[in-house]
Amino acid sequence: MKFTEFCSKILDLLYYRKCYICSKKCMDMFLCEDCREKIFSNLKFHEVKKFGTTIYCGAAYENELLKVIRGFKYHKKSDFRKILSDIIIKTVENYNINIEDFVICPVPIHEKRFKKRKYNHMELVAEDLAKHFNIELKTDLLKRIKDTVPLYKLSITERKTMIKGAFEVSKEIKAKKILLIDDILTTGTTIEELSRLILSEEPQKYIVITASRSNKCNF
Ligand SMILES: [Zn+2]
């Protein structure tokens, strides 16, 4: 065996990773090129005026992307941040949204959940986006003060009751341009509640972008 071959074998061993979705060997980000391609060749952009704002979505919450988001959110696969930030970048480009001078705010999670997960997954995505678009990231404008059970387990009426009083919004929002980001748009309960609070502080502009949209979303 040549020395270079030997070195490449060692590197393979060191960096051996399996694709999180299809288990094929891959070198980068726990996701192989094919699975990545499947996500990015199948983006389903969506724009809707709702809750006093415009909500933009980048992809359907299904197949490979559904697994990526679950892994990212619940199984500590923080490398998947790049998939979500890339989808949001493509959404901004697709709709030609001018986010210059905007302040990016991820949907906050409760302190208890933060301790358990070790990160707010949307904050990682917001970090990437702030860097890419050269805009400011603020994590102290929105605060989750009520620890709710995961909302996907609840009916829409239960979600609405549960989310009441879950957030606190800073007065600093006034006159700022706010870009709120989230992973999935489902029934919109979280976005609705946050939008109500954000708009009551009279921001100069306010828009929402979610990386994906569930087929349970009816708007
Ligand atoms: Zn794969």
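Criteria and cut-off values
- Residues numbered from 1 in each chain as written.
- Predicted model: local features only at pLDDT ≥ 70, side-chain atom pairs only at ≥ 80, totals over all residues.
- Helix = DSSP H or I, 4+ residues; strand = E, 2+ residues; numbered from the N terminus.
- Expected span 1.5 Å × (residues − 1).
- Buried ≥ 20, exposed ≤ 12 C-beta atoms within 10 Å, placed from the backbone.
- Arc of directions from axis to C-beta.
- Contact = placed C-beta atoms within 7 Å.
- Domains from an automatic or database assignment.
- Pairing = 2+ DSSP bridges.
- Axes fitted to C-alpha atoms, helices over the stretch in contact; angles between N-to-C directions.

Notes on helix H6 (residues 121–133)
Across its 13 residues, H6 extends 19 Å between first and last C-alpha, which sits within 8% of the 18 Å expected from 1.5 Å per residue. When H6 is considered as a whole, its buried residues turn out to be His-121, Met-122, Val-125, Ala-126 and Leu-129. Buried residues of H6, viewed axially, fall in a sector of 130 degrees; they line one side. Those residues of H6 hidden inside the fold are in contact with helix H3 (63–74), helix H4 (81–95), strand S5 (102–106), strand S6 (136–137) and strand S9 (177–185). Just past H6, the residue Asn-134 takes up positive phi, approximately 55 degrees.

A word on the domain arrangement of the chain
Many authors give the size of an interface as the accessible area that is lost as the parts come together. Split into domains, the chain comes out as domain 1 (1–35) and domain 2 (42–213). With centres defined by C-alpha atoms, the gap from domain 1 to domain 2 works out at 33 Å. Taken together, the contacts link six residues of domain 1 with eight residues of domain 2.

Quick word on the sheet that holds strand S4 (residues 53–60)
By way of backbone hydrogen bonds, the strands of a sheet pair with one another, either parallel or antiparallel. Taken in spatial order, the six strands of this open sheet run S3-S4-S10-S9-S5-S6, and their pairing is mixed. Every interior strand has two partners, whereas the edge strands, strand S3 (46–50) and S6, have only one. Strand direction decides the pairing type here: S5 and S6, joined by two bridges, are parallel. Bridge pairing links Ile-104 to Leu-137 in S6. Relative to S9, H3 is tilted by about 110 degrees, and along the sheet it contacts S4, S9 and strand S10 (205–213). Sheet strands in contact with helix H8 (residues 189–200) are S4, S9 and S10, and its direction is about 170 degrees off that of S9.

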